[in-house]
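Coordinate analysis (summary)
Next come the chains, spelled out residue by residue.
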Amino acid sequence: MGNKKIILIVDDDKTVLFFLDKALKTIGYETHISLSGTDALSIARKQRPDLVLLDVQMPEMDGITTMEELHKLHPGLPVIFQTGQEDVETLEKAFRKGAVDFIIKPAKILELDTRIRKVIISSCFDQSGFSCNVPEITIWEQNQALLDTQLEIICRLTKVAEYKDIDTANHIVRMAYYSVLLAREIGIEQRICWLILNASPMHDIGKVGIPDSILLKPDKLTDDEWKVMVRHPFIGSKILKCSKSEIIRMGEIIAMSHHEKWDGSGYPRKLKGEDIPLVGRITAIADVFDALTSMRPYKKAWSAEEAFNLIEKDRGKHFDPVLVEAFLNIKEKILSVKEKFKG
Ligand SMILES: [Fe+2]
Ligand SMILES: [Fe+2]
């Protein structure tokens, strides 16, 4: 068994089932197969798979019900749906109920493999919280190895900034998760959410260029010191710009725009409304919420309710009003991330 990831394949069509079983085994996964939802549940009860590849249309217990039952057994278990055609309504329902991705049949194995890896990596974030914990998968394609390297570099780069800053490592993790939860709430696709998860930890990378006397000053900054401080988005952008990596390119956008405000009073470019990139508007809420609810040398941690109230009050001033509403809709999810990564 070793480090092989376990994929549970569920499909009532034997041809599809056996084809996928053989193909996934060949490229290095361990597989469990099942012709029905009921059978899948008894397999999953014995051993938690790393991922489930689930047919939507099945007699007896359909895919969505099977997924719901699987989630009762193993909350957070990643499920990719296989569907005969692009049935938007069913897919929408599947995503609402917790599916993480879908693939149109007949699945192309290379595409399926890439999706599986991305989902497993994302779920590894979900379980462990930070990107150093890249899962071990037996066979890596060259592009997977590159992706792996990117994640490692990002992780190490972010750590450099942490050494300079008073923020804890958990600030970055919480902020990344809050951003993704908010992005999901407004319907941003899984792949972009994954980019946000990996890119948002770089938002303050530019602080490496700010002198400690300013960055760590416990008192209010003077006007001159503030002029230096507000350069950190520019510095971050300089560090990250012109990358071929999608994650780093998104990191640059976030670094440059996370201090812009909806009413145009932010920095560094005083962008207004929808001129501010969406990821900048999303991460602004996540970053401020976490800063408010965290202790600083010069302030106590606010209660979550106080922070939610401030964000609501700043709707249309600091923050995008639509995003504020979405953020307030997911209070419980936000609180569970806050609890999971406290400190
Ligand atoms: Fe910042
Ligand atoms: Fe931050």
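Attention here is on the structure that accompanies the text.

This brings us to helix H13 (residues 278-292). In this model, H13 (15 residues) spans 22 Å end to end at C-alpha, consistent with the 21 Å of a helix rising 1.5 Å per residue. Of all 15 residues in H13, 13 are buried, a share of seventy percent or more.

The subject of this paragraph is the packing of helix H2 (residues 37-46) against helix H3 (residues 63-73). Contact geometry for H2 and H3: axes closest at 10 Å, N-to-C directions at 15 degrees. The pairing of H2 with H3 is recorded here as roughly parallel in orientation. Taken as a pair, H2 and H3 cross one another with a handedness that is right-handed. Here H2 contributes Gly 37, Ala 40, Leu 41, Ala 44 and Arg 45 to the contact with H3, which in turn contributes Thr 66, Glu 69, Leu 70 and Leu 73.

To continue, consider the sheet that holds strand S5 (residues 101-104). Pairing is parallel in the open sheet, where 5 strands are placed in the order S2-S1-S3-S4-S5. On the outer flanks of this sheet lie strand S2 (30-34) and S5, each paired with one strand and no other. Averaged over neighbouring strand pairs, the angle between their axes works out to 20 degrees when direction is ignored. For strand S1 (residues 6-10) and strand S3 (residues 51-55), the ladder comprises 4 bridges, and the chain directions are parallel. Bridged to Ile 7 within S3 is Leu 51.

A few words now on the coordination of the iron ion (ligand 2). Ligation of the iron ion (ligand 2) by protein atoms is provided by His 171 (NE2), His 203 (NE2) and Asp 287 (OD), these donors lying 2.2 to 2.3 Å from the ion. In primary-sequence terms, the residues that donate to the iron ion (ligand 2) follow H-x31-H-x83-D. Between the iron ion (ligand 2) and the iron ion (ligand 1), a spacing of 5.2 Å is present. In this pair, His 171 is assigned in helix H7 (residues 169-185) and His 203 in the loop between helix H8 (190-199) and helix H9 (212-215), connecting sequence segments 32 residues apart. Just as His 171 is buried, His 203 falls in that class too.

Scanning all chains against the criterion turns up 6 aromatic pairs. A centroid spacing of 5.3 Å and a plane angle of 85 degrees characterise the contact between Tyr 178 and Phe 289, whose relative ring orientation is edge-to-face. Placement of the pair is Tyr 178 in helix H7 and Phe 289 in helix H13, with a sequence separation of 111 residues. Grouping residues by exposure puts Tyr 178 and Phe 289 together as buried. Joined through ring pairs, the aromatic side chains of Tyr 178, Phe 289, Phe 308 and Phe 327 make up one cluster.

Moving on, we come to the coordination of the iron ion (ligand 1). Coordination of the iron ion (ligand 1) by the protein is provided by Asp 204 (OD), His 232 (NE2), His 258 (NE2) and His 259 (NE2), with metal-donor distances spanning 2.0 to 2.2 Å. Taken together, the 4 donor atoms surrounding the iron ion (ligand 1) define angles of 84 to 172 degrees at the centre, an arrangement classified as irregular. Overall, His 232 belongs to the buried group, its relative accessible area being 1%. Its relative accessible area of 2% is what places His 258 among the buried residues.

Scoring rules and cut-offs
- Residues numbered from 1 in each chain as written.
- Chains lettered and ligands numbered in written order.
- Predicted model: local features only at pLDDT ≥ 70, side-chain atom pairs only at ≥ 80, totals over all residues.
- Heavy atoms only, no water.
- Helix = DSSP H or I, 4+ residues; strand = E, 2+ residues; numbered from the N terminus.
- Expected span 1.5 Å × (residues − 1).
- Buried < 20%, exposed > 50% of the residue type's maximum accessible area, 1.4 Å probe, protein only.
- Axes fitted to C-alpha atoms, helices over the stretch in contact; angles between N-to-C directions.
- Parallel < 35°, antiparallel > 145°, perpendicular 65-115°, else oblique.
- Left-handed = near helix turned anticlockwise from the far one by under 90°.
- Contact = heavy atoms within 4.5 Å.
- Pairing = 2+ DSSP bridges.
- Donors = N, O, S within 2.8 Å, 3.2 Å for Na, K, Ca; no water.
- Phe/Tyr/Trp six-rings, centres within 6.5 Å; stacked < 30°, edge-to-face > 60°.
- Tetrahedral: all angles 85-135°; square planar, octahedral: opposite > 155°, others 65-115°.

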